[in-house]
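Examining the three-dimensional arrangement
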Amino acid sequence: MSVLGFDIGNENCVIAAVKHRGVDVLLNDESKRETPGIVCFGEKQRFLGSAGAASAMMNPKSTVSQVKKLIGRRFKEPDVQNELKRLPFESSESPNGGILIKLKYKGETHTFTPVQIMGMLFAHLKDIAEKNLELPVKDCVIGVPSYFTDLQRREYLNAAAIAGLKPLKLIHDCTATALGYGIYKTDFSNGGTTYVAFVDIGHCDTQVSIVSFETGHMRVLSHAFDSSLGGRDFDEVLFSYFAAQFKDQYKIDVYSNLRACIRLRAACEKLKKVLSANAEAPLNIECLMDEKDVKGFIKREEFEKLASGLLERIAVPCKKALADAGLHVDKIQSVEVVGSGSRIPAITKLLQSLFKREPSRKLNASECVACGCALQCAILSPVFRVREYEVQDSIPFSIGIASDEGPICTASNPNGILFPKGQPIPSVKVLTFQRSSSFRLEVFYANPDELPAGVSSKISCSTIGPFQAPHNENTRVKVKVKLNIHGVVTVVSAMLIGHVDDSVTKDKTRPGMGKTVSEGVKVGSMDENVDRDFKSSHPSADGAMKDKAGRRLEILVSENVYGGMTGAELSKAQEREVQLAQQDRTIEQTKEKKNALESYVYEMRNKLFNTYRGFATERERDSISRSLQETEEWLYEDGDDETENTYTSKLEDLKKLVDPIENRYKDGEARAQAARDLVHCIVDYRMSADSLPTREKELIYNECNKAEEWLREKSKQQDFTPKNADPVLWSSEIRSRTEDLKTKCKHITSRGKASPYSEDKKSTKSSSRG
């Protein structure tokens, strides 16, 4: 069983695996620890990860990156429109309001959803893991931002399913980081609680979590975020500065040239890293556009002044996380800073001022999320033994539920909030309704202000039924709603109860309104009686589920996720990924065969007039040389784009010509070694024969003499045979004769050992009797 953790960054991805000696970050095909989150479509195949990054400049409009910011989003959201302006590919709105990405592939325009693109990326990471671990990969834990909505979490699960992965859990990025921090730290005080702030400034977002640690236990007290503030926004500040400068100085408009934009953004990202360690930095780009070389220069003070608005925004989620956790800044014992965008000195100064202490950088800024995910996978896996460690995460949004008649209010939640902000993950609530026929339940975000800007508050709609029941006060419907381990809310089941105990329904609500079954049920657990009711039921004649008394009936629940994929759409996406992967394999295999043919032509041309020269006749050399020349010309003309079988056939035709010469050369060395082996074998058997009875000794000597004579005669004939003719004595013949000698001598030796007396002793005994 694989135990993997995936950190899907907006720019790069990291894969970590738990092995018996610890947690390892897996290397990609280029032996790098980070893999670009890029999918590029060429003319006939896809280029994923590092290969995609290498091909992006050649095919910018067919390259998809930063898909993490698009998955599970609506096309018309303002943030989405801003994202799409940054990206080079074409896009449009799907029938359900989502995003369609348009790409050129195999001469046609194809459309893909962000989920399908993410599925391709997952498949590539899965392939990297399988090559590293040399075993099939399936089970994993995936890191997700805390601000991900219910739909985005579902789309991640769908993308993983497209790739053939089975996520055991979606875990928040900061929670994964905190797990890696807490499970290895041994100096927590036994008498109290340690509070740590985790600040993750990634490529496109900022996340802050306050976590409490005790021995063997961690609890996330709060999540806060800015979903549109990350390292790339600081890059954009530099980009805008130099774009304006170059327009004045060189009279070029970078915004009008796609490739120039890509190159300048890449240069600004490098410049930002230089400014993190230096007070000033130059920028030089050759032939940026219009065949003009450009130069620039900026001081760190200027950069910080330009980015002052961004720096102020970082303080907002930090303060909110403290407020939501109900802690004063003095209670925070440590501030751990991670993420690719966290290395800017001005950010460190800001955090130090905010938390009244020097931020710590003990964790690997780029790999901590993946390693934490891998540890969580190991904890969930039955294969690995991990020190007991409890991880209690929480949901960052308040989730409500409503029936046809309005929000469902209970004694504990009069505002209709089923899972309040900060609710532990996972949790289960059981609601009781007085209904006699089908009804619907709407799940929604109760406080839109908690969500990223522009995100819809609707989650899903579940239909309970159809069913028919007597309309009386004793008829109740119990509905189980689950906030599962992934942070996804689902109505998992419903049951019709004919008679309900008065103690359960004593706290009445308005007719048709729901309430929790019992205020005594702990969050995260189920009412034991309800659980037993579900398990003891059995199918009735109409397909429903009833208990023996016929008083309980399981009701069909149909869920419609707003903007989500249907089962049929998921199956179609899986089939499409299989087809695309097969096309990629076919093209790669074709390239390998073409390269093999090309290499063979160059290799044989060199050997034919050097290594193999004495082993080929002049006629053979001329014929092979002509065929090699014709093949080379064909490769660079008509054969540049052919099928795998064509290249294989061409290679086989050449080998038929070259193999006889190659066999003569190779058999020369092999024949000498085989002859030496036969001689050694003859000597060994002659020596061992001295201890055998006379008859067996003579038989072995006879076989050795025959083999020796055969080898002498054949070797004499071979010595008179020219090297450029086929040998009269092949090494295979000598090896066969050696094996034949061994078989015969072993048989004779075993027969001699089985006889207790020699022939001479037997005859002596006979004569003495007489």
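One UniProt comment on the chain, placed under Sequence similarities (unreviewed entry), says "Belongs to the heat shock protein 70 (TC 1.A.33) family. HSP110/SSE subfamily."

So, about a positive patch on the surface. On the surface, K270, K273, R343 and R361 cluster together into a patch of positive charge. Note on placement: K270 falls in helix α7 (residues 258-277). You can call K270 exposed: its relative accessible area is 61%.

A word on a negative patch on the surface. On the surface, E630, E633, E637, D638 and E642 cluster together to form a negatively charged patch. With respect to the secondary-structure elements, D638 resides in the loop between α15 (618-635) and α16 (644-689). Residue classification places D638 among the exposed positions, given a relative accessible area of 62%.

With that settled, the discussion passes to a nonpolar patch on the surface. A cluster of nonpolar side chains, M57, L258 and I262, forms an exposed patch at the surface whose accessible area comes to about 190 Å². Counting through the fold element by element, M57 comes out in the loop between α1 (50-55) and β7 (63-65). According to the relative accessible area criterion, M57 is partly exposed, its value standing at 31%.

With respect to topology, three strands assemble into an open sheet ordered β8-β9-β10, the strand pairing being antiparallel. Pairing within the sheet leaves two strands with one partner each, and these edge strands are β8 (90-93) and β10 (108-112). The mean angle between the axes of side-by-side strands here comes to 35 degrees, regardless of whether they run parallel or antiparallel. As paired elements, strand β9 (residues 99-105) and β10 share five bridges and run antiparallel to each other. If you follow K102 over to β10, its bridge partner there is T111. Set on the sheet, helix α14 (residues 567-608) makes contact with β9 and β10; between it and β10 the angle comes to about 135 degrees.

This part covers the sheet that holds strand β18 (residues 332-338). Here we have six strands laid out as an open sheet, ordered β18-β13-β14-β15-β19-β23, and mixed in their pairing. Each edge of the sheet is formed by a strand with only one pairing partner; in this case those strands are β18 and β23 (424-425). The sheet strands contacting helix α5 (residues 173-184) are β13 (194-201), β14 (206-214), β15 (217-226), β18 and β19 (390-394), and the helix crosses β14 at an angle near 35 degrees.

Taking burial as the measure, the eight residues of strand β2 (residues 12-19) include six buried ones, the bulk of the element. Pairing of strand β1 (residues 4-8) with β2 involves five bridges; the strand directions are antiparallel. Opposite G5, over in β2, you have A16 as the bridge partner. In sequence, β2 turns back onto strand β3 (residues 22-25) through a hairpin of two residues.

Within the fold, T175 resides in helix α5. Judged by relative accessible area, which is 0%, T175 ranks as buried. For T175 and G372, which are 197 residues apart along the polypeptide, the C-alpha to C-alpha distance reads 8.0 Å. What T175 contacts, discounting residues up to four positions off in sequence, is M218, V220, H223, V391 and D393.

Attention now moves to helix α3 (residues 114-133). Quick reminder: α-helices carry 3.6 residues per turn. Residues three or four places apart thus point the same way. Between its first and last C-alpha atoms α3 spans 28 Å; for 20 residues at 1.5 Å apiece the expected length is 28 Å, and the two agree. Most of α3 sits inside the fold, with 15 of its 20 residues counted as buried. E134 sits one or two positions beyond α3 and adopts a positive phi of about 55 degrees.

If you want to describe how two helices pack, look at the angle between their axes and the distance between the axes. At their nearest, the axes of α16 and helix α17 (residues 694-719) sit 9 Å apart, and the two run at 160 degrees to each other. Relative to α17, the element α16 lies roughly antiparallel. Here α16 runs over α17; the crossing is left-handed. From α16, R671, A675, L678, V679, I682, Y685, R686 and A689 reach across to α17, where they touch K697, I700, Y701, C704, N705, A707, E708, W710, L711 and Q718.

The tally for this structure, following the rule as stated, stands at 21 aromatic pairs. For the ring pair Y147 and F148, a centre distance of 6.0 Å and an interplane angle of 75 degrees mean the geometry is edge-to-face. This pair shows no difference in class: Y147 is buried, exactly as F148 is. Between F246 and Y250 the ring centres are 5.8 Å apart and the planes differ by 70 degrees, which places this aromatic pair in the edge-to-face class. Of the two residues, F246 and Y250 both sit in helix α6 (residues 231-250), four residues apart, roughly one turn of that helix. When sorted by exposure, F246 lands in the same class as Y250, which is buried. The ring of Y562 is capped by K458, whose NZ or CZ atom sits 5.5 Å from the centre of that ring. Sitting over the ring of F615, K723 keeps its end group 5.0 Å from the ring centre.

Turning our attention to the UniProt feature "coiled-coil region" (unreviewed entry) in the chain. Here the UniProt feature "coiled-coil region" (unreviewed entry) sits at residues 573-600. From the first C-alpha to the last, residues 573-600 spans 40 Å; its make-up is 100% helix and 0% strand.

Along the chain, G182 falls in helix α5. Given the relative accessible area of 2%, G182 is considered buried. Between the alpha carbons of G182 and F213 there is a distance of 7.0 Å; along the sequence they are 31 residues apart. Sequence-distant contacts of G182, that is, excluding residues within four places in its chain, are made with F188, F213 and Y389.

Bringing the layout of surface pockets into the picture now. Of the pockets and cavities examined, the second largest pocket occupies roughly 770 Å³. Every residue lining the second largest pocket is counted, 28 residues in all, and those nearest its centre are R46, L48, H124, D127 and D584. Of all the secondary structure elements, the ones that give two or more residues to the lining of the second largest pocket are β6 (46-48), α1, α3 and α14. Considering each element in turn, the lining of the second largest pocket owes the most residues, eight residues, to α14. Along the lines of polarity and charge, the residues of the lining of the second largest pocket split into nine nonpolar, eight polar and 11 charged.

Moving on to unusual backbone geometry. Glycine aside, residues mostly have negative phi, and peptide bonds are mostly found in the trans state. A cis amide bond, omega 0 degrees, links I425 with the succeeding residue P426. Here P426 shows up in the loop between β23 and β24 (427-433). Residues G465 and P466 are joined by a peptide bond in cis, for which omega reads 15 degrees. Assignment of secondary structure puts P466 in strand β26 (residues 458-468). At Q66, a residue that is not glycine, the phi angle is positive and equals roughly 55 degrees. Inspection of the secondary structure assignment puts Q66 in the loop between β7 and α2 (78-86).

Moving on, we get to the pairing of β15. Within β15, nine of the 10 residues are buried, leaving the element largely enclosed by the surrounding structure. Both β14 and β15 contribute to a ladder of nine bridges, which runs antiparallel. Paired with S209 across the two strands is H223, which belongs to β15. The turn linking β14 back onto β15 is made up of two residues, and G216 within it adopts a positive phi angle of 75 degrees. Where β15 and β19 come together, three bridges link them in parallel fashion. Considered in β19, the bridge of R219 is made with Q392.

Conventions adopted
- Residues numbered from 1 in each chain as written.
- Predicted model: local features only at pLDDT ≥ 70, side-chain atom pairs only at ≥ 80, totals over all residues.
- Heavy atoms only, no water.
- UniProt positions renumbered as here; feature names shortened; annotations may be inferred.
- Patch = residues over 30% accessible without salt bridge, like charges linked within 9 Å, V, L, I, M, F, W, Y side chains within 5 Å.
- Areas by Shrake-Rupley, 256 points an atom, 1.4 Å probe, with all protein chains shown as cover.
- Salt bridge = Lys/Arg side-chain N within 4 Å of Asp/Glu carboxyl O.
- Lys, Arg positive; Asp, Glu negative; His and termini not counted.
- Charge placed at Lys NZ, Arg CZ, Asp CG, Glu CD.
- Helix = DSSP H or I, 4+ residues; strand = E, 2+ residues; numbered from the N terminus.
- Buried < 20%, exposed > 50% of the residue type's maximum accessible area, 1.4 Å probe, protein only.
- Pairing = 2+ DSSP bridges.
- Axes fitted to C-alpha atoms, helices over the stretch in contact; angles between N-to-C directions.
- Contact = heavy atoms within 4.5 Å.
- Expected span 1.5 Å × (residues − 1).
- Parallel < 35°, antiparallel > 145°, perpendicular 65-115°, else oblique.
- Left-handed = near helix turned anticlockwise from the far one by under 90°.
- Phe/Tyr/Trp six-rings, centres within 6.5 Å; stacked < 30°, edge-to-face > 60°.
- Lys NZ or Arg CZ within 6 Å of the ring centre and 35° of its normal.
- 1 Å grid on protein atoms, 1.4 Å probe; cavity = no way out; pocket = protein on both sides within 12 Å on 5 of 7 lines; lining within 4 Å.
- Points joined across faces, edges and corners; volume = space filled by probe spheres on them.
- Nonpolar A, V, L, I, M, F, W, Y, C, P; charged D, E, K, R; others polar.

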